[in-house]
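Take a look at the letters that make up each chain.
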Amino acid sequence: MALIGTTIFSHILPVILGFFAVVMIISGSLEENKGKLALGAILFVVACAFPYVILSILV
């Protein structure tokens, strides 16, 4: 039986982080702001790796 926390960490938070990462990447590239672009890329990588790291600790 899955815990409630596993659903949050595997389905909800990565989508939210990924959405904001894509918004920051697009905004950074259109404004030619390298800091915002880099932060969006880092946030996207964190959103991709987040479920694997957290779920390996929880389960």
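First, a word on scope: everything that follows refers to the structure included in this document. Predicted model, so just to flag it, every value in this text is computed and none were measured.

Considerations on a nonpolar patch on the surface
Phase 1: A contiguous nonpolar patch, built from Ile4, Ile8, Ile12, Ile16, Phe19, Phe20 and Val23 and spanning about 660 Å² of accessible area, is present on the exposed surface.
Phase 2: On the basis of relative accessible area, Ile12 is assigned to the partly exposed category, the value being 41%.

A word on helix α2 (residues 34-58)
Phase 1: Look at α2: 35 Å from first C-alpha to last across 25 residues, which is about the 36 Å you get at 1.5 Å a residue.
Phase 2: Of all the bends found along α2, the most pronounced is centred on Ala49 and spans about 40°, while Pro51, a proline, follows it within four residues.
Phase 3: Burial in α2 covers these residues: Gly40, Ala47 and Pro51.
Phase 4: The N-cap residue of α2 is Asn33: its side-chain oxygen and the backbone nitrogen of Gly35 are 3.3 Å apart.

Observations concerning helix α1 (residues 4-30)
Phase 1: When the terminal C-alpha atoms of α1 are compared, their 38 Å separation across 27 residues agrees well with the 39 Å that a helix rising 1.5 Å per residue should span.
Phase 2: Approximately 30° is the largest bend angle found in α1, and it occurs at Leu13, with the proline Pro14 only one to four residues beyond.
Phase 3: Residues Thr6, Pro14, Gly18, Ala21, Ser27 and Gly28 constitute the buried set of α1.
Phase 4: In this fold, the buried residues of α1 make contact with α2.
Phase 5: Of the residues flanking the end of α1, it is Glu32, one or two places downstream, whose phi is positive at about 55°.

Comments concerning the packing of aromatic side chains
Phase 1: Taken as a whole and assessed by the stated rule, the structure comprises 2 aromatic pairs.
Phase 2: Relative to Phe20, the ring of Phe19 lies with its centre 5.5 Å away and its plane at 65°, an arrangement referred to as edge-to-face.
Phase 3: Overall, the relative accessible area of 44% leaves Phe20 in the partly exposed class.

Things to note about the pattern of salt bridges
Phase 1: In this structure the tally under the stated criterion is 1 salt bridge.
Phase 2: With its nearest N and O atoms 3.2 Å apart, the salt bridge here joins Glu31 to Lys36.

Focus: the environment of Phe44
Phase 1: Mapped onto the elements of the fold, Phe44 is located in helix α2.
Phase 2: Look past the residues within four positions of Phe44 in its chain and what remains in contact with it is Gly18, Ala21 and Val22.

How each quantity is defined
Residue numbers run consecutively from 1 along every chain, following the written order of its sequence. Note on the predicted model: pLDDT of at least 70 is required for a residue's local features to be given, and 80 or more for side-chain atom pairs to be given and counted; whole-chain, interface and lining totals, by contrast, use all residues. Calculation of side-chain values draws on the structure's entire complement of heavy atoms; hydrogens and water are dropped beforehand. Patch membership is restricted to residues that have no salt bridge and whose relative accessible area is over 30%. Joining uses 9 Å for like charges and 5 Å for the nonpolar side chains Val, Leu, Ile, Met, Phe, Trp and Tyr. Only the protein chains shown count as cover for residues, and all accessible areas are computed by the Shrake-Rupley method using a 1.4 Å probe. Salt bridge, as applied in this entry: a Lys or Arg side-chain nitrogen positioned within 4 Å of an Asp or Glu carboxyl oxygen. We call a residue buried when its accessible area falls under 20% of the maximum for its residue type, exposed when it is over 50%, and partly exposed in between, using a 1.4 Å probe and counting protein chains only. The helix and strand labels rest on DSSP assignments: H or I over at least four residues marks a helix, E over at least two residues marks a strand, and numbering proceeds from the N terminus. Between the first and last residue of a helix there are one fewer steps than residues, each counted as 1.5 Å, and that sum is the expected span. Fitting axes to the seven residues that end at a residue and to the seven that start at it, the angle between those axes gives the bend at that residue. Identification of polar contacts relies on pairs of N or O atoms within 3.5 Å, with a donor-acceptor requirement for protein atoms, meaning one able to donate a hydrogen and the other able to accept it, and with residues adjacent in sequence counted only if both atoms are side-chain atoms. Any pair of residues with heavy atoms lying within 4.5 Å of one another is described as a contacting pair. Working definition: a ring pair exists when centres of Phe, Tyr or Trp rings (six-membered ring for Trp) sit within 6.5 Å. Plane angles under 30 degrees give stacked, over 60 give edge-to-face, the rest tilted.

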